[in-house]
Amino acid sequence: MNRVSSRGPGGLLALLAALVAAPAARSDALSVVQMLRAGGCGGIVPIALPLHRNSSLDRLAEQWADRHSLAGAQGLRVHGPDEALIRQQRRAACRLVSSRDLSEVGIYHRGADTYLVLAPPSASSWSPPPATARGAPRAPAAASQAPAVLSRPPVNAPAAPSPTPATTPALAARALQLINEARARGAHCGPQSFGPAPPLTLSGTLASVALGHAADMAVHDYFEHQDLSGLSPADRVRAAGYQEKLVGENIAYGPKSVEEVVQGWLASPDHCENIMDPRFAQMGIGLAPGRASRRGLFWVQLLAEPRA
């Protein structure tokens, strides 16, 4: 297990622990979009509420497939079975689908393609424009409406539940209790002994970034501190507006409860050192269910020393 440590502004303690993987499965395009919104686009934008299905936008999506105008809405075309396309196109579509200005969605399937149309709340009063015959020639969509591409599973693939942000406060409170109990006792982290450390407090910003990275790993099926756009934990914390002096991150895959994941981190010397470091004053924790080849839970704990 590798440990990277640095001191001072922008510092990072990067630690990881992997457990067992589970059988492969794929998720549908709308589930991926909902997960990206729940995770704040990998922790770099604010978390957004789930989109609501709108039958008028379903019809507009069908007409968009026939090259009709989107009339001010936003379009996303999902194509192909290759999971790698999610990673390749994620940055192009993520900020769009995570926008808090968009709250309605319409969906239309045709062959290997899925068309998603996203719009603000006023979409509920929309009526789609009259349709011409399917396949009638039309001018290509404008550049602002150019479709992004994500992968899509077979129609019968099961969809895993999205993480529920409403459950986060209770989970975070329990994690904080367990962590602070360990800090109050002191601990042996491998060969190194730590005396009692001051209690941590919860940070909503750190929790949001932790949830974002957990959801990002779950959607895109990877297990790393550095995300797919190359951002480190300290980068993600800084991008969320947190003024940090030192940042640490523990991640895990597989534990089914907060008690299990905290126990596992405390049993691992490197992770334990992160938890017991007296310089850290705040923490946030997030989790998300796996959606691709891994179906267990992804956990992220962020610890930070804020700037004075």
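None of the values given here were measured: they were computed from a predicted structure. (Residues numbered from 1 in each chain as written. Predicted model: local features only at pLDDT ≥ 70, side-chain atom pairs only at ≥ 80, totals over all residues. Heavy atoms only, no water.)

J.: Help me understand the overall build of the chain, please; the structure alone is not making it clear to me.
T.: Across its full length, the chain holds nine helices and 12 strands. Among the 308 residues that make up the chain, the fraction classed as buried is 53%. Carbon together with sulfur atoms contributes 57% to the accessible area of the chain, which is approximately 13400 Å² in total. (Helix = DSSP H or I, 4+ residues; strand = E, 2+ residues; numbered from the N terminus. Buried < 20%, exposed > 50% of the residue type's maximum accessible area, 1.4 Å probe, protein only. Areas by Shrake-Rupley, 256 points an atom, 1.4 Å probe, with all protein chains shown as cover.)

J.: Quick question: what am I supposed to make of the packing of aromatic side chains here?
T.: Aromatic ring pairs: the centre-centre distance and the angle between the two ring planes describe each pair. Following the criterion strictly, the structure yields four aromatic pairs and no others. Between F223 and F298 the ring centres are 6.4 Å apart and the planes differ by 50°, which places this aromatic pair in the tilted class. Remark: F298 occurs in strand β12 (residues 297–306) and F223 occurs in the loop between α6 (204–220) and α7 (233–239); sequence separation between them is 75 residues. Looking at F223, the relative accessible area reads 9%, which means it is buried. (Phe/Tyr/Trp six-rings, centres within 6.5 Å; stacked < 30°, edge-to-face > 60°.)

J.: Would you take a moment to explain the sheet that holds strand β6 (residues 113–119) for this structure?
T.: Backbone-to-backbone hydrogen bonds join strands into a sheet, with any given pair of strands oriented parallel or antiparallel. Here we have four strands laid out as an open sheet, ordered β3-β5-β6-β4, and mixed in their pairing. What marks the edges here is a single partner per strand, and that holds for β3 (52–53) and β4 (74–79). (Pairing = 2+ DSSP bridges.)

J.: What should I look at first to understand the environment of Y222 in this one?
T.: As for its placement among the helices and strands, Y222 is situated in the loop between α6 and α7. Between the C-alpha atoms of Y222 and G290, which are 68 residues apart in sequence, the distance is 9.7 Å.

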